[in-house]
Amino acid sequence: MPRRDVLLMMMAPAGTAVHTPVQVQKLAFLIDRLIGETIGGTGFHFKPWHYGPFDKAVYKVLEELERDDLVEINDMSAQMQPTQYRLTSLGEREGADLLQELRNQSPDTAEYVAVLSRWVREQSFASLLRAIYAKFPDMAVNSVFKDSLASVQ
């Protein structure tokens, strides 16, 4: 599946709700690792970084989607907040169509995307990293996250 479609599809269950950078990165990573083969790959190549799995291509694709009026990017640095990513109404429709196509081919996989999307958005920053590091310890090797519960034994 093309990278742009992966991002639209994975954000679609949230409608136009905001995603933070960590949520977008980790959700794309989970889609890649857990169902990537099922959807024909994601085109992303995650590496362990300061806060777990990271691929700068995620941000590049989001910028392309913004140019196509499918994603809105709000730089919140002046408020000392993380950047916000949300689907536009056009992006929401396109993402929902992609998710429906997946549902037609593999209902369980589409439902899993929706569950992952909801789960990622419900987690705090720390709990999301803890869970990623627990399931994928290889992604914690370069972490600067110093939460004692996040350390992988």
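Let me begin by describing the structure that accompanies this report. This one's a predicted model, so the numbers in the text were calculated from it and none came from an experiment.

**What about the packing of aromatic side chains?**
1) Next: All chains considered together, the criterion is met by eight aromatic pairs.
2) Next: Aromatic side chains phenylalanine 29 and phenylalanine 46 sit 5.5 Å apart centroid to centroid with 80° between the ring planes, which places their arrangement in the edge-to-face category. Placement of phenylalanine 29 in helix H2 (residues 21-35) and of phenylalanine 46 in the loop between H2 and strand E1 (47-49) is noted, with a sequence separation of 17 residues between them. Grouping residues by exposure puts phenylalanine 29 and phenylalanine 46 together as buried.
3) Next: Members of the aromatic cluster, each reached through a chain of ring pairs, are Phe29, Phe44, Phe46 and Phe136.

**Description of the nonpolar core**
1) Next: Judged by nonpolar contacts, the single largest core of 43 residues is most densely connected at Leu7, Met10, Ile31, Phe44, Val58, Leu62 and Leu65.
2) Next: Looking at this core, the elements with two or more residues in it are helix H1 (3-11), H2, helix H3 (57-67), strand E4 (84-87), helix H4 (89-105), helix H5 (107-122) and helix H6 (125-135).
3) Next: For this core, the element with the highest residue contribution is H2, accounting for eight residues.
4) Next: Ignoring anything within four residues of it in the chain, the contact list for isoleucine 31 reads Val6, Met10, Gly36, Ile39, Thr42, Val113 and Leu116.

**Digging into H6**
Helical geometry note: an α-helix holds 3.6 residues per turn, so side chains three or four residues apart project in the same direction.
1) Next: Along H6, the residues classified as buried are Ala126, Ser127, Leu128, Leu129, Ile132 and Tyr133.
2) Next: Where H6 is buried, its residues meet H2, strand E2 (52-54) and H5.

**Description of the layout of surface pockets**
1) Next: Space inside the largest pocket adds up to approximately 200 Å³.
2) Next: Pro21, Val22, Tyr51, Tyr59 and Phe125 are the residues nearest the centre of the largest pocket, which is lined by 13 residues in total.
3) Next: At the level of elements, H2 and E2 are the ones that each hand at least two residues to the lining of the largest pocket.
4) Next: Here the lining of the largest pocket gets four residues from one element, more than from any other, and that element is H2.
5) Next: When its residues are assigned to classes, the lining of the largest pocket shows eight nonpolar, four polar and one charged.

Here is what the cut-offs are and how they apply
Residues numbered from 1 in each chain as written. Predicted model: local features only at pLDDT ≥ 70, side-chain atom pairs only at ≥ 80, totals over all residues. Heavy atoms only, no water. Phe/Tyr/Trp six-rings, centres within 6.5 Å; stacked < 30°, edge-to-face > 60°. Helix = DSSP H or I, 4+ residues; strand = E, 2+ residues; numbered from the N terminus. Buried < 20%, exposed > 50% of the residue type's maximum accessible area, 1.4 Å probe, protein only. Core = buried A, V, L, I, M, F, W, Y, C linked by side-chain atoms within 4.5 Å. Contact = heavy atoms within 4.5 Å. 1 Å grid on protein atoms, 1.4 Å probe; cavity = no way out; pocket = protein on both sides within 12 Å on 5 of 7 lines; lining within 4 Å. Points joined across faces, edges and corners; volume = space filled by probe spheres on them. Nonpolar A, V, L, I, M, F, W, Y, C, P; charged D, E, K, R; others polar.

Scope: geometric values only; no functional claims are made or implied.
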